[in-house]
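What the coordinates show
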Amino acid sequence: MNRGSQGTRVGWVIVLALIATAGLVLAQGAEEGAPAYREKIMTVNGASMGAINDVLKFKLPGGTEHIVAHAETIQRESRLIAGAFQTEVMTEESRALPTIWQQWDQFVGAAENLGQASAKLAEVAKGGDQAAIMAEVKVVGQACSNCHNTFRKPNE
Ligand code: HEC
């Protein structure tokens, strides 16, 4: 073997080592960032539900158009839940339960449920019927608690 090909081999070893290190850094990054990221998604959900309640309770101007927009936000966020929780990581502050990863399909199903309920709310809100909207908001709220009851630590 001549010196040239040996040099090439050393070069490849270094390249492969760098790729492996980059992979580790990426994995570490996801574990570090996942809890705060999924919390942000849930904060949006909480804010959207709160906003819908405000519009209904105080009969705010903008009414149904706003409810449609908030319902659509919840629907869009629901499609991010599975990705946001994919990395299995629990922290002191996090209220995520291990059941999320033990019963992953059921967890994803609960997110899809929320997607369906919020899509329905957006549809119903376009019709403007207050009673029908209230009923559908309740269904969305149940989709939130259904998941929380199984997959989130209760408040201490
Ligand atoms: C598929 C399951 C699932 C669905 C559906 C879901 N959540 Fe959550 N939610 C969680 C989990 C799990 C946590 C705890 C996450 C953590 O602490 O790491 C959480 C946390 C939260 C938090 C606390 C965020 C914080 O500051 O720590 C709020 C608020 C929240 N959810 C609101 C909602 C609302 C409102 C809905 C419905 C519109 C909803 N969630 C739907 C699973 C879900």
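The structure this text deals with has already been given above.
Presented here is a report on the structure given in the accompanying data block. (Residues numbered from 1 in each chain as written. Predicted model: local features only at pLDDT ≥ 70, side-chain atom pairs only at ≥ 80, totals over all residues.)

1. Points about the overall build of the protein
Of regular secondary structure, the protein possesses five helices and zero strands. For the protein, the sequential pattern of α-helices and β-strands runs α-α-α-α-α. At 23 Å, the protein has a C-alpha radius of gyration far larger than the 15 Å of a compact globule built from 156 residues. Seen through its C-alpha atoms, the protein measures out along the principal axes to roughly 85 × 35 × 25 Å. Expressed as a percentage of its 156 residues, the buried residues of the protein come to 22%. Put simply, of all contacts in the protein between residues at least 6 apart along the chain, 73% involve residues at least 24 apart. (Helix = DSSP H or I, 4+ residues; strand = E, 2+ residues; numbered from the N terminus. Rg over C-alpha atoms; globule rule 2.2 N^0.38 Å. Buried ≥ 20, exposed ≤ 12 C-beta atoms within 10 Å, placed from the backbone. Contact = placed C-beta atoms within 7 Å.)

2. Concerning helix α2 (residues 63-85)
Count 3.6 residues to each turn of an α-helix, and residues three or four apart come out pointing the same way. The end-to-end C-alpha separation of α2 is 33 Å, in line with the 33 Å expected for 23 residues at 1.5 Å each. Of all the bends in α2, the largest measures some 35° and sits at Arg 79. Among the residues of α2, those classed as buried are Ile 67, His 70, Ala 71, Ile 74, Gln 75, Glu 77, Ser 78, Ile 81 and Phe 85. (Expected span 1.5 Å × (residues − 1). Bend = angle between axes of the 7 residues up to and from the residue.)

3. With respect to the nonpolar core
Nonpolar side chains in soluble globular proteins generally cluster together in the buried interior. Ranked by internal contacts, the top residues of the largest apolar core, which has 24 residues, are Ile 67, Ala 71, Phe 107, Leu 114, Leu 121, Ala 125 and Val 140. Broken down by element, the residue count for this core peaks at nine residues, all from helix α4 (residues 104-127). (Core = buried A, V, L, I, M, F, W, Y, C linked by C-beta atoms within 7 Å.)

4. Points about α4
Between its terminal C-alpha atoms α4 stretches 35 Å, which fits the 34 Å expected from 24 residues at 1.5 Å a residue. Backbone geometry just after α4 places Gly 128 at a positive phi near 80°.

5. Describing the site of the ligand
In the vicinity of the ligand there are 25 residues, among which Met 42, Asn 45, Gly 46, Cys 144 and Cys 147 approach most closely. The element that contributes the greatest number of residues to the shell around the ligand is helix α1 (residues 3-57), accounting for eight residues. By residue class, the composition of the shell around the ligand is 16 nonpolar, five polar and four charged. (Near = placed C-beta within 6 Å. Nonpolar A, V, L, I, M, F, W, Y, C, P; charged D, E, K, R; others polar.)

6. Regarding the packing of α2 against α4
Packing of α2 against α4 leaves a shortest axis separation of 8 Å and a crossing angle of 165°. Classified by the angle their axes make, α2 and α4 are roughly antiparallel. For α2 against α4, the interelement crossing comes out left-handed. Taken together, the residues of α4 that come into contact with α2 (itself represented by Thr 64, Ile 67, Val 68, Ala 71, Glu 72, Ile 74, Gln 75, Ser 78, Arg 79, Ile 81, Ala 82 and Phe 85) are Phe 107, Val 108, Ala 111, Leu 114, Gly 115, Ser 118, Ala 119, Leu 121, Ala 122, Ala 125 and Lys 126. Its residues placed into classes, the contact of α2 with α4 shows 15 nonpolar, five polar and three charged. (Axes fitted to C-alpha atoms, helices over the stretch in contact; angles between N-to-C directions. Parallel < 35°, antiparallel > 145°, perpendicular 65-115°, else oblique. Left-handed = near helix turned anticlockwise from the far one by under 90°.)

7. Things to note about unusual backbone geometry
Unlike most non-glycine residues, Lys 59 shows phi in positive territory, near 45°. With respect to the helices and strands, the residue Lys 59 is situated in the loop between α1 and α2.

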